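# Notes for the structure review
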Amino acid sequence: MREPLTVALPGGGRRGVRVRIARAAARDTRRLTRLVRNSRAYEGHYAAMVAGYRVGPDYVETHEVYLATGDDDRLLGFYALVLSPPELDLMFVADNAQGLGIGRCLIAHMKDRAREAGVEAVRVVSHPPAEGFYLSVGAHRTGTVQAAPPAVLWDRPELLIPVR
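Notes on the structure in this doc start here. Bear in mind that the values here come from a model prediction, so they are computed numbers and not experimental data. (Residues numbered from 1 in each chain as written. Predicted model: local features only at pLDDT ≥ 70, side-chain atom pairs only at ≥ 80, totals over all residues. Heavy atoms only, no water.)

## Regarding the packing of aromatic side chains
The following threshold applies: Pairing of aromatic side chains requires ring centres within 6.5 Å, counting the rings of Phe and Tyr and the six-membered ring of Trp. Pairs whose planes differ by under 30 degrees are stacked, by over 60 edge-to-face, and all others tilted. We count a stretch as a helix when DSSP gives it H or I for four or more residues in a row; a strand needs E for two or more, and each element gets its number in order from the N terminus. A 1.4 Å probe rolled over the protein chains alone gives each residue an accessible area, and that area as a share of the maximum for its type sets the label: buried under 20%, exposed over 50%, partly exposed in between.
Using the criterion set out here, one finds 6 aromatic pairs in the structure. Aromatic side chains Tyr 42 and Phe 92 sit 5.7 Å apart centroid to centroid with 35 degrees between the ring planes, which places their arrangement in the tilted category. Taken as a pair, Tyr 42 in the loop between α1 (29-37) and α2 (47-50) and Phe 92 in strand β5 (residues 86-93) lie far apart in primary sequence, 50 residues in all. With relative accessibility at 7%, the residue Phe 92 sits in the buried group. Judged by centre distance (5.4 Å) and plane angle (25 degrees), the rings of Tyr 66 and Tyr 79 are stacked. You can see Tyr 66 sitting in strand β3 (residues 64-69) and its partner Tyr 79 sitting in strand β4 (residues 75-83), a full 13 residues away along the chain. Tyr 66 gets classed as buried once you look at its relative accessible area, which sits at 3%.

## Structural notes on helix α4 (residues 102-116)
Quick reminder of the rule: To estimate how far a helix should reach, multiply one less than its number of residues by 1.5 Å.
The end-to-end C-alpha separation of α4 is 21 Å, in line with the 21 Å expected for 15 residues at 1.5 Å each. Within α4, burial applies to Ile 102, Gly 103, Cys 105, Leu 106, Ile 107, His 109, Met 110, Arg 113 and Ala 114.

## Details of the side chain of Arg 156
This is how the line gets drawn: Contacts are assigned to residue pairs with any non-hydrogen atoms lying within 4.5 Å of each other.
Examined against the element boundaries, Arg 156 turns out to sit in strand β8 (residues 156-162). With sequence-adjacent residues up to four places away left out, Arg 156 is seen in contact with Met 49, Val 125, Ser 126, Pro 128, Gly 143, Thr 144 and Val 145.

Okay, here's the thing in structure tokens:
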């Protein structure tokens with residue numbers, strides 16, 4: 001198991017923001033679920049997608065789920081990497097941590113982890129408003145995943161993040 005990583009990000013006042021990235025555990029699932037369900041990115045017509053969503057202990061044990069916390073152990077964001085086939089299954093940054101570089105830090109960590117596992121690229125089926133972020137961290141668009149009612153009512157961009 002990887003040791004937790006602590007990095008200092010610019011922003012958040014004179015000291016910046018210290019972020020600790022560590023593997024999630026079953027005890028973290030309630031706050032991961034809360035972050036997903038309360039994300040402003042899924043307001044309006046996107047709300048149905050996460051309304052009943054749950055990040056359960058089985059999910060955390062099966063996949064590589066890493067969380068980013070602040071000095072006060074506040075959850076700043078998380079990602080879930082599926083290694084076979086390689087896909088960034090989930091990635092969320094807390095609304096009050098947007099713009100601090102947390103997402104970029106999580107992507108850098110995900111790339112390192114994927115590289116260590118021998119992966120060359122990671123697929124992302126993006127929430128449409130997040131496509132610009134993924135493009136800004138080096139992803140390129142490979143296509144569109146068609147809507148799949150009743151769970152997903154809109155088309156989503158499909159991207160690939162190179163990690164090698």
